[in-house]
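One letter stands for each residue in the lines below.
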Amino acid sequence: MKGWLAITLGDVTGIGPEVTLKALAAELSADNTKYLLIGDSAWLEACHRSLNSPVALQPFTGYQAPGRVFTYSPGPPLGSKLEPGSPESAQAAVAALREAAQRCLRGETDAVITAPVSKEAIIRAGVPFVGQTELLSQIAGTKQTIMMLLGTDERGRWLRVSLATTHLPLKSVPGQLTTEKVKLAIERSIQACRDLDLTQARIGVCGLNPHAGEGGNMGTEEIDVIAPAIREVRLKRGGQIEGPFPADTLFHFALRGDFDVVVAMYHDQGLAPLKMIAFDSGVNWTLGLPFIRTSPDHGTAFAIAGKDAANPSSMLAALRLAKKLAAKQAKEIP
């Protein structure tokens, strides 16, 4: 482990800078990790003053410099008076993502934690954009990534959800859902269990249709697409892979501990249960990138930006997961 984590500030007119500083204030004393905060330094400094943050910031001059938390602006300075989700801040957020990804690909940082961006603002700014996961996958040159969301409820019960499809209109999901995509989600979930040092990899797979298709009477995707994926992965890798189950029951069984990961077929099928139990502390983890990437599982929250009202729990959880994964990776790679 090189001891460096990159954090992109996201859209700086949102709560990214605030939750980043609050999370670092809570975590700095835990170890000697160094942090490179990528985004507009002036906006970060303004947030720093507003919060009266105890985190000491200094401009990045090199990886050998003494200190713990460094700032780096990948583009020209932003104006101090920007509307929430302005084109300038949206474009700067994309530039920060690209900068962080390149540093990870070059092996300079152990992981990247990405603060939230506004997809709508980025698209309005003229940048083709589906999501941070998709952009990072494109930069890394891979299409084999899977989104996993994970978090705990107030009783410490884990829910981990991998998505076979991600940012698609609901009407497009049946046509885009393939056996290969379901297989990839299952296989990435098995590997994630190993990366998390779980003793087992118990994977529960959702159906697409209500009641998991009722034997073909309410849709055939379970028969034609999902069940073959389960059989193929089970034959190839073994393990406890079960389904397809109706989603409305599977999440109950997963939360009580019967499964380590749920594979959901589409975005809201997986995220609605996850956010129900871990709205403030859920983490987005991209499986299959050549570097570690985690993110808080919330948006830019423009309405509360600059009001010292943002909860940093999700950013803190994302930061801690990135460190845990980086430490494990360092042990496995001589």
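See the structure shown above.
Peer 1: Help me get a handle on the side chain of S162, residues and values and all.
Peer 2: Relative to the helices and strands, S162 resides in strand β7 (residues 158–163). Looking at S162, the relative accessible area reads 0%, which means it is buried. At 2.8 Å, the side chain of S162 and the side chain of S189 are in polar contact. Other than its neighbours up to four places away in sequence, S162 contacts I146, M147, M148, A185, S189, V261, V262, V263, A264 and L287.

Peer 1: A description of helix α9 (residues 247–255) should follow, citing residues and the corresponding values.
Peer 2: Turning to α9, its buried residues number three or more, namely A247, L250, F251, A254 and L255. Down the axis of α9, the buried side of the element spans an arc of 130 degrees, and every buried residue falls inside it. The elements touched by buried residues of α9 are β7, β8 (202–206), β9 (240–245), β10 (261–264) and α10 (267–278). G257, located one to two residues past α9, shows a positive phi value of around 105 degrees.

Peer 1: Explain the pattern of salt bridges to me, using residue names and the numbers behind them.
Peer 2: Inspection of the entire model under this criterion finds 17 salt bridges. Across the pair R256 and D258 runs a salt bridge, and its minimum N-O distance is 2.7 Å.

Peer 1: Give a description of the packing of aromatic side chains that names residues and reports values.
Peer 2: A full pass over the atoms with the stated rule returns 7 aromatic pairs. Within the aromatic cluster, the residues linked to one another by ring pairs are W4, F60, Y63, F70 and Y72.

Peer 1: Got a sec to walk through the pairing of strand β2 (residues 34–38)? Specific residues and values, please.
Peer 2: Where burial is concerned, most of β2 is hidden: 5 out of the 5 residues are buried. In terms of strand pairing, β2 meets strand β4 (residues 69–72) through 4 bridges, oriented parallel. Paired with Y35 across the strands is V69, a residue of β4.

Peer 1: Hey, could you go over the side chain of D40 for me, with residue numbers and the actual values?
Peer 2: Secondary-structure assignment places D40 in the loop between β2 and α2 (41–51). Buried charge D40 goes without a salt bridge, the closest partner of opposite sign being R49 at 9.7 Å. A polar atom in the side chain of D40 sits 3.0 Å from the backbone nitrogen of W43. Once you skip the residues sitting within four places of it in the chain, D40 turns out to touch L9, V12, S73, P76, P77 and L78.

Peer 1: Before we move on, can you summarise the sheet that holds strand β5 (residues 111–114) with the specific residues and values?
Peer 2: Here we have 12 strands laid out as an open sheet, ordered β3-β4-β2-β1-β5-β12-β11-β6-β7-β10-β8-β9, and mixed in their pairing. Looking at which strands have only one partner, the edges of the open sheet turn out to be β3 (57–59) and β9. Across the sheet, the axes of successive neighbouring strands diverge by a mean angle of 25 degrees, strand direction being ignored. Pairing geometry for strand β1 (residues 4–8) and β2, over 5 bridges, is parallel. Within the sheet, the bridge partner assigned to L5 lies in β2 and is Y35. Those strands touched by helix α7 (residues 179–195) are β6 (146–152), β7, β8, β9, β10 and β11 (283–287), and its axis lies near 150 degrees from that of β8. Contacts from helix α8 (residues 221–237) reach β8 and β9 within the one sheet, and its direction differs from that of β9 by about 175 degrees.

Peer 1: I'd like to hear about the environment of I123, residue by residue, with values.
Peer 2: If you trace the backbone, I123 turns up in helix α4 (residues 119–124). Relative accessible area serves as the criterion here: at 48%, I123 is assigned to the partly exposed category. In this structure, the C-alpha to C-alpha distance between I123 and V173, residues 50 residues apart in sequence, is 22 Å.

Peer 1: Which residues make up the packing of helix α1 (residues 16–27) against α2, and what values do they have?
Peer 2: Between α1 and α2, the least distance of the axes is 9 Å, while the angle of their chain directions is 60 degrees. Classed by the angle they form, the pair α1 and α2 counts as oblique. In terms of crossing hand, the pair formed by α1 and α2 is right-handed. Touching P17, E18, L21 and K22 of α1 are L44, C47, H48 and L51, all from α2.

Peer 1: How would you explain the nonpolar core if you had to name every residue and give the values?
Peer 2: Residues V182, I186 and V205 are the most contacted members of the largest nonpolar core, which totals 63 residues. The element best represented in this core is helix α11 (residues 313–332), accounting for 8 residues. Look past the residues within four positions of V205 in its chain and what remains in contact with it is V182, I186, I226, I230, I241, E242, G243, P244, F245, L250, V263 and M265. With 26 residues, the next largest nonpolar core counts A100, F129, I139 and L289 among its residues.

What counts and what doesn't
- Residues numbered from 1 in each chain as written.
- Predicted model: local features only at pLDDT ≥ 70, side-chain atom pairs only at ≥ 80, totals over all residues.
- Heavy atoms only, no water.
- Helix = DSSP H or I, 4+ residues; strand = E, 2+ residues; numbered from the N terminus.
- Buried < 20%, exposed > 50% of the residue type's maximum accessible area, 1.4 Å probe, protein only.
- Polar contact = N/O pair within 3.5 Å; in protein donor to acceptor, adjacent residues only side chain to side chain.
- Contact = heavy atoms within 4.5 Å.
- Arc of directions from axis to C-beta.
- Salt bridge = Lys/Arg side-chain N within 4 Å of Asp/Glu carboxyl O.
- Phe/Tyr/Trp six-rings, centres within 6.5 Å; stacked < 30°, edge-to-face > 60°.
- Pairing = 2+ DSSP bridges.
- Lys, Arg positive; Asp, Glu negative; His and termini not counted.
- Axes fitted to C-alpha atoms, helices over the stretch in contact; angles between N-to-C directions.
- Parallel < 35°, antiparallel > 145°, perpendicular 65-115°, else oblique.
- Left-handed = near helix turned anticlockwise from the far one by under 90°.
- Core = buried A, V, L, I, M, F, W, Y, C linked by side-chain atoms within 4.5 Å.

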